[in-house]
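Here are the chains, one letter per residue:
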Amino acid sequence: MILEQLKELEKESLQRGIPILGREKGTWLLQKILETKPIKILELGTANGYSGCILGSQGAKLTTIDINKALSEEAKNNFKTFKINATILLGDALEKIKKFQNKSFDLVFIDFAKKSYIKTLEDSIRILKKNGIIIADNITFPGCQNYKEAVLKDTRLKTEIIQIKDGLACSKKL
Ligand SMILES: C[S@@+](CC[C@H](N)C(=O)[O-])C[C@H]1O[C@@H](n2cnc3c(N)ncnc32)[C@H](O)[C@@H]1O
């Protein structure tokens, strides 16, 4: 099981201060992947690939964006180790997300600069297929409050807040 296999990477990441998703929220995320069976996933904020390994563990094609070259190199190695079908894009997620076509993803996972979550919302909705989902990590952080309020009141979405650690928002495109 992928979470067992990721135990060492989780431990090492925590020791090095890399802010990865972690096992508790990772367990919820894996369950969501098993339930919704996404085929194409976009992740904003790769870090060393911990959450990407969970997102891609059931065979989805993962595209993941990070601005940090050294971490992206680590992610590349981890994706190889865990046999994840991933393409890593190096650069600013705010710019890169604009380049994707309408309705091309089943799931968008947002886990990068907290104050910028809100700036990716319109593009995330645009590139998602109907019934696709946007999952945003650390949703109780002060920097994400405008994003949280926006998804809760957006009638194009059905949003639930997941109360695990610092929280996740899970928004389904209606
Ligand atoms: C919380 S970490 C991602 C953790 C990862 N999702 C996981 O759980 O394994 C946030 C990442 O966002 C990246 N980042 C910050 N600002 C960014 C930006 N504007 N565009 C792309 N990546 C960015 C950082 O380099 C960092 O690796």
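See the structure above.
The structure displayed is predicted, hence computed values, not measured ones. (Residues numbered from 1 in each chain as written. Predicted model: local features only at pLDDT ≥ 70, side-chain atom pairs only at ≥ 80, totals over all residues. Heavy atoms only, no water.)

Q: An account of the site of the ligand is requested, with residue identities and associated values reported.
A: Surrounding the ligand, one finds 19 residues, the nearest of these being Leu21, Gly45, Ser51, Asp66 and Asp111. Between a nitrogen atom of the ligand and a side-chain N or O atom of serine 51, the distance comes to 2.8 Å. Contacts to the ligand include aspartate 92, whose side-chain N or O atom sits 3.0 Å from a nitrogen atom. Look at the ligand: alone it shows 610 Å² of surface, and the protein chains cover 86% of it. Residues that form the shell around the ligand fall into these classes: 10 nonpolar, 5 polar and 4 charged. (Near = heavy atom within 4 Å. Polar contact = N/O pair within 3.5 Å; in protein donor to acceptor, adjacent residues only side chain to side chain. Areas by Shrake-Rupley, 256 points an atom, 1.4 Å probe, with all protein chains shown as cover. Nonpolar A, V, L, I, M, F, W, Y, C, P; charged D, E, K, R; others polar.)

Q: How would you explain helix α2 (residues 7–16) if you had to name every residue and give the values?
A: Among all positions of α2, only Leu9, Glu10 and Ser13 are buried. One side of α2 carries all its buried residues, which in axial view fall inside an arc of 100°. Pointing more than 90 degrees away from the buried face of α2 are the exposed residues Glu8 and Gln15. Where the residues of α2 are buried, they touch α3 (23–36), α4 (50–55) and α5 (69–81). (Buried < 20%, exposed > 50% of the residue type's maximum accessible area, 1.4 Å probe, protein only. Helix = DSSP H or I, 4+ residues; strand = E, 2+ residues; numbered from the N terminus. Arc of directions from axis to C-beta. Contact = heavy atoms within 4.5 Å.)

Q: Can you explain the packing of aromatic side chains? Please cite residues and give values.
A: In the structure shown here, the tally under the stated rule is 3 aromatic pairs. The interplanar angle of 15° and the centroid separation of 6.1 Å between the aromatic rings of phenylalanine 112 and tyrosine 117 together place this pair among those described as stacked. Judged on exposure class, the residue phenylalanine 112 and its partner tyrosine 117 are both buried. Plain terms: the ring middles of tyrosine 117 and tyrosine 147 are 5.7 Å apart, the flat faces sit at 85° to each other, and that makes the pair edge-to-face. Of this pair, tyrosine 117 sits in the loop between β4 (105–110) and α7 (121–127) while tyrosine 147 sits in helix α8 (residues 145–153), and the two are 30 residues apart along the sequence. The residues tyrosine 117 and tyrosine 147 share a single accessibility class, namely buried. Aromatic ring contacts, followed pair by pair, group Phe112, Tyr117 and Tyr147 into a single cluster. (Phe/Tyr/Trp six-rings, centres within 6.5 Å; stacked < 30°, edge-to-face > 60°.)

Q: Hey, could you go over the side chain of threonine 120 for me, with residue numbers and the actual values?
A: Within the secondary structure, threonine 120 is located in the loop between β4 and α7. Judged by its relative accessible area of 0%, threonine 120 falls in the buried class. At 2.7 Å, the side chain of threonine 120 forms a polar contact with the backbone oxygen of tyrosine 117. If sequence neighbours within four positions are ignored, threonine 120 has contacts with Leu44, Leu94, Ile97, Ile110 and Phe112.

Q: An account of the pattern of salt bridges is needed here, citing residue identities and associated values.
A: Applying the stated criterion across every chain, the model contains 15 salt bridges. Aspartate 166 is paired through a salt bridge with lysine 25; the nearest N and O atoms lie 2.5 Å apart. In this pair, aspartate 166 sits in the loop between β6 (157–162) and β7 (168–173) while lysine 25 sits in helix α3, placing the two residues 141 residues apart along the sequence. The pair formed by aspartate 166 and lysine 25 is uniform in burial state, with each residue classed as buried. Note that lysine 98 is salt-bridged to aspartate 123, the shortest N-O span being 2.7 Å. On the criterion of sequence distance, the pair formed by lysine 98 in the loop between α6 (93–96) and β4 and aspartate 123 in helix α7 is long-range, its members being 25 residues apart. Owing to a relative accessible area of 53%, lysine 98 belongs among the exposed residues under this scheme. (Salt bridge = Lys/Arg side-chain N within 4 Å of Asp/Glu carboxyl O.)

So, to be careful, I would describe these as geometric facts and stop short of saying anything about function.
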